Amino acid sequence: MITDDFEALLDDLAEALVRDGYRILPLHLPSGLTDRLWQELQDLPDNELKVAGIGRQDDFQLNRDIRRDKIHWFTGETATQQDFLDWMEQLRAGLNRRLFLGLFDYESHFASYGPGAFYKKHLDAFKNLSSPLQANRVLSTVLYLNRDWQPGDGGELLLFNDDDTCLLETVTPDYGKLIIFLSERFPHEVAVARRERQSIAGWFRTQGAL
Ligand code: OGA
Ligand code: MN
């Protein structure tokens, strides 16, 4: 059901994306859903979390130099995942109505950064390399699932401006916080986490012809 609150959230989000290209929201998913997502990640057997790649799966060492998180892709295999995907689907449809971004689908995964893990500076999509034949990431989302994150725990998301000359935001990965940003626009990195850091990363994509 789409409530007035949700419509207000969409208005706010659309405005921020046009103005700044990103928005950081404190707890916005239904709190029960956030708790269920957190619980599902705690219950996930270790072997369901895999070393994440960067598109060159064969080069294990290169991957390790760039990112050290472990991930589990969402398939909608549980009611909890389905409810999360439904919420994101409402966001997708609502943003398309307001911004005509042509968002077609959403892919997402749990991510877990063990102590010492990081993700070096990168972009989630590349303007010049994107082909109309390929689905392209347009909007990135990260939902954080860490209770009582302390200043010494590290693991901040550092968001830089388009031409990578200044730091725009230092985002602590606090429980329920959601960041949404234009995938092609902002170089970003995850600082070394000093304790386990958990999240759900996702991307709204355009449709590719292939
Ligand atoms: C990613 C990413 C940021 C974060 O998974 O591509 O940049 O704060 N994650 O977890
Ligand atoms: Mn990223």
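Not measured: the values here are computed from a predicted model. (Residues numbered from 1 in each chain as written. Chains lettered and ligands numbered in written order. Predicted model: local features only at pLDDT ≥ 70, side-chain atom pairs only at ≥ 80, totals over all residues. Heavy atoms only, no water.)

Draft legend 1. Molecular detail of the coordination of the manganese ion (ligand 2). Binding of the manganese ion (ligand 2) to the protein goes through His122 (NE2), Asp124 (OD) and His188 (NE2), at separations of 2.1 to 2.2 Å. Along the chain, the residues donating to the manganese ion (ligand 2) fall in the pattern H-x1-D-x63-H. Here histidine 122 is found in strand β5 (residues 119-122), whereas its partner histidine 188 is found in strand β10 (residues 188-190), with 66 residues between them in sequence. Owing to a relative accessible area of 15%, histidine 122 belongs among the buried residues under this scheme. (Donors = N, O, S within 2.8 Å, 3.2 Å for Na, K, Ca; no water. Helix = DSSP H or I, 4+ residues; strand = E, 2+ residues; numbered from the N terminus. Buried < 20%, exposed > 50% of the residue type's maximum accessible area, 1.4 Å probe, protein only.)

Draft legend 2. Main features of the nonpolar core. Counting 42 residues, the largest nonpolar core has Phe84, Leu91 and Leu95 as the members making the most contacts within it. Setting aside its immediate chain neighbours within four residues, leucine 95 contacts Leu10, Leu13, Ala14, Leu17, Phe100, Leu103 and Leu139. Within the second largest apolar cluster, eight residues are counted, among which are Ile71, Tyr113, Ala117 and Ala193. (Core = buried A, V, L, I, M, F, W, Y, C linked by side-chain atoms within 4.5 Å. Contact = heavy atoms within 4.5 Å.)

Draft legend 3. View of the environment of leucine 33. Checked against the element boundaries, leucine 33 lands in helix α2 (residues 31-43). Classification of leucine 33 as buried rests on a relative accessible area of 6%. With 103 residues separating them along the chain, leucine 33 and asparagine 136 place their C-alpha atoms 28 Å apart. In this structure leucine 33 touches Thr80, Asp83 and Phe84, once residues within four positions along its chain are discounted.

Draft legend 4. Fine view of the layout of surface pockets. Estimated volume of the largest pocket: approximately 700 Å³. Around the largest pocket sit 35 residues that line it, and Gly53, Arg67, Tyr119, Arg137 and Trp203 are the ones nearest its centre. The set of elements that each furnish at least two residues to the lining of the largest pocket consists of β3 (70-73), β4 (105-113), β5, β6 (137-144), β10 and β11 (197-205). Of the residues in the lining of the largest pocket, the class split is 18 nonpolar, 10 polar and seven charged. (1 Å grid on protein atoms, 1.4 Å probe; cavity = no way out; pocket = protein on both sides within 12 Å on 5 of 7 lines; lining within 4 Å. Points joined across faces, edges and corners; volume = space filled by probe spheres on them. Nonpolar A, V, L, I, M, F, W, Y, C, P; charged D, E, K, R; others polar.)

Draft legend 5. Quick look at the packing of α2 against helix α4 (residues 79-99). It is at 9 Å that the axes of α2 and α4 come closest, and there the two elements cross at 135°. Classified by the interaxial angle, the pair formed by α2 and α4 is oblique. Crossing geometry of α2 relative to α4 is assigned as left-handed. Residues Leu33, Arg36, Leu37 and Glu40 of α2 form the contact with α4, whose own contacting residues are Ala79, Thr80, Gln81, Asp83 and Phe84. (Axes fitted to C-alpha atoms, helices over the stretch in contact; angles between N-to-C directions. Parallel < 35°, antiparallel > 145°, perpendicular 65-115°, else oblique. Left-handed = near helix turned anticlockwise from the far one by under 90°.)

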